[in-house]
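Residue strings, one per chain:
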Amino acid sequence: MIQRQIEVALGERTYPVYSGTDMVSSFAPMCRQHDVSDSLVLISDRNVASLHLQPLLRNLVHYKFQPRTIVLPPGETQKNIYRANSIFTELLKKKVPRNSTVIALGGGVVGDLAGFVAATYQRGIALIQVPTTLLAQVDSSIGGKVGVNHPLGKNMIGAFHQPVFVWADTDYLATLKPREVICGFGEVFKYGLIKDARLFEFMESHLEKILSLEQDAILHVQARCAAIKAEVVAQDEKEAGIRIILNCGHTIGHGLEFAGHYTLLKHGEAVLLGMAAESSIAHEMNLLDSDSYRRIMALLRRIPVKAKLKKLAVSDVLNALGRDKKRVGTKLRFVLPVGIGKVKVVDDVNTALIQKAVKNLMKD
Ligand SMILES: NC(=O)c1ccc[n+]([C@@H]2O[C@H](COP(=O)([O-])OP(=O)(O)OC[C@H]3O[C@@H](n4cnc5c(N)ncnc54)[C@H](O)[C@@H]3O)[C@@H](O)[C@H]2O)c1
Ligand SMILES: [Zn+2]
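Keep in mind it's a predicted model, so treat the numbers as computed, not measured.

Cut-offs applied
- Residues numbered from 1 in each chain as written.
- Chains lettered and ligands numbered in written order.
- Predicted model: local features only at pLDDT ≥ 70, side-chain atom pairs only at ≥ 80, totals over all residues.
- Heavy atoms only, no water.
- Donors = N, O, S within 2.8 Å, 3.2 Å for Na, K, Ca; no water.
- Helix = DSSP H or I, 4+ residues; strand = E, 2+ residues; numbered from the N terminus.
- Buried < 20%, exposed > 50% of the residue type's maximum accessible area, 1.4 Å probe, protein only.
- Core = buried A, V, L, I, M, F, W, Y, C linked by side-chain atoms within 4.5 Å.
- Contact = heavy atoms within 4.5 Å.
- Near = heavy atom within 4 Å.
- Polar contact = N/O pair within 3.5 Å; in protein donor to acceptor, adjacent residues only side chain to side chain.
- Nonpolar A, V, L, I, M, F, W, Y, C, P; charged D, E, K, R; others polar.
- Expected span 1.5 Å × (residues − 1).
- Arc of directions from axis to C-beta.
- Patch = residues over 30% accessible without salt bridge, like charges linked within 9 Å, V, L, I, M, F, W, Y side chains within 5 Å.
- Areas by Shrake-Rupley, 256 points an atom, 1.4 Å probe, with all protein chains shown as cover.
- Salt bridge = Lys/Arg side-chain N within 4 Å of Asp/Glu carboxyl O.

Undergrad: Got a sec to walk through the coordination of the zinc ion (ligand 2)? Specific residues and values, please.
TA: Protein coordination of the zinc ion (ligand 2) is provided by Glu187 (OE), His250 (NE2) and His267 (NE2), with donor distances spanning 2.0 to 2.1 Å. Going along the chain, you hit the donors of the zinc ion (ligand 2) in the pattern E-x62-H-x16-H. On the criterion of sequence distance, the pair formed by glutamate 187 in helix α6 (residues 178-195) and histidine 250 in helix α9 (residues 250-259) is long-range, its members being 63 residues apart. Like histidine 250, glutamate 187 is buried.

In structure tokens form, the structure reads like this:
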């Protein structure tokens, strides 16, 4: 049942994010409602396909759609141009026509990769996002950023390609590993911190319920985050301005991920640690008051992140920061919290402060 519908307002390309529980039987009728073509390409990964592909396929076939399926190995390493090319080859061999629609059934990796394929195959075909991880339901499936990694940088090759709609059935989350729930929570925390003091309070009072995926709590959180992302994207689709605020915690987070060769830490874990470090920088710069800082750190400490940070060298993290996409000239760009629910873009953070914040992370 669809319980929430949030619009991403982008003029002619406005689209809804549907969320709720037990939604699979309504999927194909919703595709019909959106005039989706009969020819479909369902792209998923093995983990998701083994758990969740069949019910969706059955529903589509029942409503006379013609879905082809492509099932990929799971994992971030698949998000590359070679994998995209192997999908192009399959689509071309099967003569998949231009009026087809790609359905991305999976987490952020499948969403970004299948979305990139949809954005570029025959100069772009339609896309539906069916996110199955918490991270993808609150963040990556909304907003149209699609792409693949390059050996010289993550997400460096990509496009903006908005979906026809996003289908966030929170029932999918029940099969996630606890570590993936924590990763998704990293982005949830970010939304509270950057824009929503009430969501932050909700996290303070309902953390255990959220992490154990209690239905009402998770639906509330998912819908709030989707609404914030929709609002930010509607204001700044191509990240020329305010969309940068979604990178809170990500400057240091990306440094940690890179220094750990993308294996030691998962993205959401790195973002949680990044928000701790960036909050401490904000506090030291007198941008963030002590009470808010204490609340941020207290909530972060309650989240069981199991990353082995001690294996990282501070110098590797600092070097990695120098490679960040968000650099302006020689300076690093930070999105720092200046209260609960408020952030500020800051380009002149003292290097010694950054060093100290990263060192402190390693100590904890
Ligand atoms: N496009 C954007 O705006 C945006 C934003 C944030 C992150 N991202 C990207 O998202 C990616 C991370 O996404 P992710 O954390 O969802 O990773 P992921 O897609 O790799 O999924 C994590 C793991 O969970 C498995 N999985 C997925 N759904 C499942 C389910 N319902 N039950 C059981 N297992 C399931 C997957 O097979 C995988 O092993 C990164 O590549 C990141 O760059 C993109
Ligand atoms: Zn992120």
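Undergrad: Run through the nonpolar core, naming residues and quoting values.
TA: Counting residues in each nonpolar core, the largest one holds 66 residues, and the members touching the most others are Phe189, Met203, Ile252, Leu256, Ile281, Leu312 and Ile354. When residues in this core are grouped by element, the largest group, nine residues, is from helix α10 (residues 267-284). Leaving out residues up to four positions away in the same chain, leucine 312 has contacts with Leu256, Ala259, Gly260, Leu264, Leu265, Val317 and Met362.

Undergrad: Just give me the short version of the site of ligand 1, but keep the residues and values in it.
TA: In the neighbourhood of ligand 1, 25 residues make up the surrounding shell, with Asp45, Glu76, Gly108, Thr133 and Thr175 lying closest. Side-chain polar atom of lysine 154 to an oxygen atom of ligand 1: 2.8 Å apart, as the coordinates give it. Those elements that place two or more of their residues in the shell around ligand 1 are α2 (46-62), α4 (108-120), α5 (134-140) and β8 (153-160). Here the shell around ligand 1 gets four residues from one element, more than from any other, and that element is α2. When its residues are assigned to classes, the shell around ligand 1 shows seven nonpolar, nine polar and nine charged.

Undergrad: Describe unusual backbone geometry, with residues and values.
TA: Backbone geometry places aspartate 35, a non-glycine residue, at a positive phi of 55°. Classification of aspartate 35 by relative accessible area gives exposed; the value is 71%. The backbone phi angle of lysine 95 is positive, close to 55°, even though this residue is not glycine. Here lysine 95 shows up in the loop between α3 (81-93) and β5 (101-106). A relative accessible area of 69% means that lysine 95 is categorised as exposed.

Undergrad: So what's going on with α3? Which residues, and what values?
TA: Taking 1.5 Å per residue, 13 residues should reach 18 Å; α3 reaches 18 Å between its end C-alpha atoms and fits that length. Residues of α3 that are buried: Ala84, Ile87, Phe88 and Leu91. In an axial view of α3, the angular spread of the buried residues amounts to 105°, which keeps them on one side of the axis. Set apart from the buried face of α3 by more than 90 degrees, the exposed residues are Tyr82 and Lys93. Looking at the buried positions of α3, the neighbouring elements they touch are β3 (39-45), β4 (66-72) and α4. Downstream of α3 by one or two residues, lysine 95 has phi in the positive range, about 55°.

Undergrad: How would you sum up a nonpolar patch on the surface? Please name residues and give values.
TA: Taken together, the side chains of Ile81, Tyr82, Met156 and Ile157 make up a nonpolar region of the molecular surface, amounting to roughly 410 Å² of accessible area. Taken together, the elements giving at least two residues each to the nonpolar patch come down to α3 and β8. Checked against the element boundaries, isoleucine 157 lands in strand β8. Owing to a relative accessible area of 33%, isoleucine 157 belongs among the partly exposed residues under this scheme.

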